[in-house]
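Listed below, chain by chain, are the residues.
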Amino acid sequence: SQQGEEDPQALSIQEGENATMNCSYKTSINNLQWYRQNSGRGLVHLILIRSNEREKHSGRLRVTLDTSKKSSSLLITASRAADTASYFCATEVWIQGAQKLVFGQGTRLTINP
Amino acid sequence: IAGITQAPTSQILAAGRRMTLRCTQDMRHNAMYWYRQDLGLGLRLIHYSNTAGTTGKGEVPDGYSVSRANTDDFPLTLASAVPSQTSVYFCASSVSAKYNEQFFGPGTRLTVL
């Protein structure tokens, strides 16, 4: 089963509104990362938040991490059409004796003009 | 070359054929990864390499093999392709295996008939 699960699976909002996506995970983590994927393209790293951090900002992005609830949220403020993409959270888990990133299934965000 | 490249962009392959997907990065990153992305399943790690000369198995390694003869190249081979290997394959790299963002290639869309 997936380590990270995003919620909602799909989100459609009007341009200029804020978009919030959530990620829940199951085991303890060292860090959590968020990635964006435009249709037909590879993933692009957005932000990394460490387990001892509670909030992090990057431009219009704000990420929070609540390790007690094993959850994270990604907020995109003042959304633009170009923000239309799928967004994935990724956490580190042990796979075959090594720590590797495991991605959730993603939230598909559509920004309507 | 700038970043990470993959070849071919897409391929249609008959079942039972051997196929090698190529991945090259020019960032001198130590760690490299192969993922497959399927609808509804997100990205799943196939194989990884923490440094040149070493490789490891991810979540779904069966039917795939990799090699890491040098820092830049990380080819993925399907020895005898099966229809269930129809997917989009992404190669990624990171500075090191821990706590680092991953940089993704543009992907290879593979169809096995």
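Each remark here, short or long, concerns the structure printed above.
Please read these numbers as outputs of a predicted model, since none were measured by experiment. The numbering scheme is per chain: residues are counted from 1 as the chain's sequence reads. Chains and ligands are labelled by the order in which they are written, letters from A for the one and numbers from 1 for the other. Note on the predicted model: pLDDT of at least 70 is required for a residue's local features to be given, and 80 or more for side-chain atom pairs to be given and counted; whole-chain, interface and lining totals, by contrast, use all residues. Calculated side-chain values reflect all of the structure's heavy atoms, with hydrogen atoms and water omitted.

A. Broad picture of the overall build of chain A. Strands here are runs of E lasting at least two residues and helices are runs of H or I lasting at least four, both read from the DSSP assignment and numbered beginning at the N terminus. Counting secondary structure elements, chain A contains zero helices and eleven strands. Ordering the α and β elements of chain A from the N terminus gives β-β-β-β-β-β-β-β-β-β-β. Throughout, radius of gyration means the C-alpha value; the globule benchmark is 2.2 Å times the number of residues raised to the power 0.38. Against the globule reference of 13 Å for 113 residues, chain A gives a C-alpha radius of gyration of 14 Å, in line with a compact fold. Principal-axis analysis of the C-alpha atoms gives chain A an extent of 45 × 30 × 20 Å. Here chain A holds 113 residues, and 49% of them are scored as buried. It only takes one pair of heavy atoms within 4.5 Å for two residues to be counted as in contact. Residue pairs in contact within chain A that sit at least 24 positions apart in sequence constitute 54% of those at least 6 positions apart. Of the roughly 5,400 Å² of accessible surface on chain A, a fraction of 44% belongs to carbon and sulfur atoms. With 13 positive and 10 negative side-chain charges, chain A shows a spacing of 5 Å between the two charge centroids. Only protein chains enter the area calculation, which uses a 1.4 Å probe; residues under 20% of their type maximum are buried, those over 50% are exposed, and those in between are partly exposed. Computed with a 1.4 Å probe, the accessible areas rest on the Shrake-Rupley method; for each residue, only the protein chains presented here act as cover. We count Lys and Arg on the positive side and Asp and Glu on the negative side, and we leave His and both chain ends out. A single reference atom marks each charge: NZ on Lys, CZ on Arg, CG on Asp, CD on Glu.

B. Quick peek at the state of the cysteines. Count a disulfide wherever a pair of cysteine sulfur atoms falls within 2.5 Å. According to the stated counting rule, one finds two disulfides over all chains in the structure shown. The disulfide bridge from C23(A) ends at C89(A), spanning 2.0 Å between sulfur atoms. On the sign convention where negative means left-handed, the S-S torsion of about 65° between C23(A) and C89(A) marks this disulfide as right-handed. Highlighted residues: C23(A) in strand β3 (residues 19-25) and C89(A) in strand β9 (residues 85-95), separated in sequence by 66 residues. Each member of the pair, C23(A) together with C89(A), is buried. Between the sulfur of C23(B) and that of C91(B) lies a disulfide, 1.9 Å long from S to S. Looking down the S-S bond of the C23(B) and C91(B) bridge, the torsion is -75°, so its handedness is left-handed.

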